[in-house]
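# Structure assessment
What follows is the residue order along each chain.
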Amino acid sequence: MYKTSSGDGIPCLCVTNRKLCQGDFNERIRQIAQKREADAILLREKDLSQSEYEKVAENVQRICQETNMTCILHNFWESAWKLHCRNIHLPLGVLETLPDGVRNYFQKIGSSVHSIEQAKRAEGLGADYVIAGHVFETDCKKGLPGRGLDFIQKVSGCIHIPVYGIGGICQENAEAVVQAGAAGVCVMSGFMTIRQ
C-alpha cells in the first residue's frame, strides 16, 4: 500500500498491463487483491479486442469477487454490463457517447483526461472521478515529458470530483501528487513488474 510520510495510506488504483507482468497475470492480480496492495484494480489491457477483453475480465472479476476487491472494467461498457460489473472507466470519447439509460446502471464512472478542458467536460458528463496524466516521465509514454505536479494542482482546482494522478508514480513521489491536490494515485509498472 502506498503511504505518506506520516504512515497514512494513499488511495491507490492498480492499472493493469499484463504485458509487463512477470509470471502469471491472474496470480499477480490475486496477490494484489489478497494483500490489499491497492484499493481497486482497473483492468485496462488496451491491446485486446472486446471479445478477448471479456475473457480476461471474467477471470479478473472472479478473483476480485473472491477477495472482496473492487474491480473496474475499461472502455467496453457493454462487456461490463454483460458481466454485471458496475464500475467502468471510459476514455472521454466513449463517455461522450454513453447512452443515458446505461449511465444509471453504473455505480462509478471514471474517465481519463489530459487537460483542464477535458476534466471539466468529464465532470459535466457525469464522471464520478478522473484519472489525469501523465504526471511524471514514464516508459509507457517514452519521450514525452510529464505534465508535472502543477497540472494535477490545476485539474484538482477546477473540478469538484476526485482526481487520481497517473504516470511515473512510485512510492517516492506518490505523496507529492496527493499534496498537489489529487485524491489518490494510479500505479501500473510498480504493481505489474514485481516478481512473484
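Residues numbered from 1 in each chain as written. Predicted model: local features only at pLDDT ≥ 70, side-chain atom pairs only at ≥ 80, totals over all residues. Heavy atoms only, no water.

### A few points about the pairing of strand β5 (residues 108-113)
In this structure, strand β4 (residues 87-91) lies alongside β5, joined through 5 bridges in parallel fashion. The partner of Asn87 across the bridge, within β5, is Lys108. Two elements, β5 and strand β6 (residues 129-133), share 4 bridges in a ladder whose sense is parallel. Its bridge partner being in β6, Val113 is matched across the sheet by Ala132. (Pairing = 2+ DSSP bridges. Helix = DSSP H or I, 4+ residues; strand = E, 2+ residues; numbered from the N terminus.)

### Re the side chain of His134
Its place among the elements puts His134 in the loop between β6 and α7 (148-158). A polar atom in the side chain of His134 sits 3.2 Å from the backbone oxygen of Pro145. (Polar contact = N/O pair within 3.5 Å; in protein donor to acceptor, adjacent residues only side chain to side chain.)

### Some words on the sheet that holds strand β2 (residues 40-43)
Taken in spatial order, the 8 strands close into a barrel running β1-β2-β3-β4-β5-β6-β7-β8, and their pairing is parallel. Averaged over all adjacent pairs, the angle separating strand axes in this sheet is 25°, with direction ignored. Taken strand by strand, helix α2 (residues 50-66) contacts β2 and β3 (70-74), and its axis lies near 170° from that of β3. (Axes fitted to C-alpha atoms, helices over the stretch in contact; angles between N-to-C directions. Contact = heavy atoms within 4.5 Å.)

### What to know about the packing of helix α6 (residues 116-124) against α7
Running from N to C, α6 and α7 cross one another at 30°; their axes reach a closest spacing of 9 Å. Once α6 is placed against α7, the crossing between them reads as right-handed. From α6, Ile116, Ala119, Lys120 and Glu123 reach across to α7, where they touch Lys154, Val155 and Cys158. Counted by class, the contact of α6 with α7 contains 4 nonpolar, no polar and 3 charged residues. (Left-handed = near helix turned anticlockwise from the far one by under 90°. Nonpolar A, V, L, I, M, F, W, Y, C, P; charged D, E, K, R; others polar.)

### Focus on the environment of Ile166
The topology assignment puts Ile166 in strand β7 (residues 163-166). According to the relative accessible area criterion, Ile166 is buried, its value standing at 18%. As a C-alpha pair, Ile166 and Ile116 span 50 residues in sequence and 15 Å in three-dimensional space. Among all residues touching Ile166, those that are not within four sequence positions of it are Val15, Arg44, Ile131, Ala132, Gly133, His134, Val135 and Cys186. (Buried < 20%, exposed > 50% of the residue type's maximum accessible area, 1.4 Å probe, protein only.)

### Brief notes about the environment of Ile109
Of note, Ile109 is situated in strand β5. Sequence-wise, Ile109 and Asp128 are 19 residues apart; in three dimensions their C-alpha atoms are separated by 5.4 Å. Residue contacts for Ile109: discarding those within four places in its chain leaves Ile88, Leu90, Leu95, Leu98, Arg103, Ala127, Asp128 and Tyr129.

### Some thoughts on the packing of aromatic side chains
Tallying each qualifying case throughout the model produces 4 aromatic pairs. Note on Tyr129 and Tyr164: the rings are 5.9 Å apart at their centroids and 80° apart in plane angle, and the pair reads as edge-to-face. Here Tyr129 is found in strand β6, whereas its partner Tyr164 is found in strand β7, with 35 residues between them in sequence. Comparing Tyr129 with Tyr164 shows no difference in burial state: the two are buried. Taken together, the aromatic side chains of Trp81, Tyr105 and Phe106 make up a single cluster linked through ring pairs. Geometry around Tyr105 places Arg86 over its ring, the cationic atom sitting 5.0 Å from the centre. The ring of Phe151 has Arg147 lying over it, and the distance from NZ or CZ to the ring centre is 5.7 Å. (Phe/Tyr/Trp six-rings, centres within 6.5 Å; stacked < 30°, edge-to-face > 60°. Lys NZ or Arg CZ within 6 Å of the ring centre and 35° of its normal.)

Coordinates in, geometry out; function isn't part of it.
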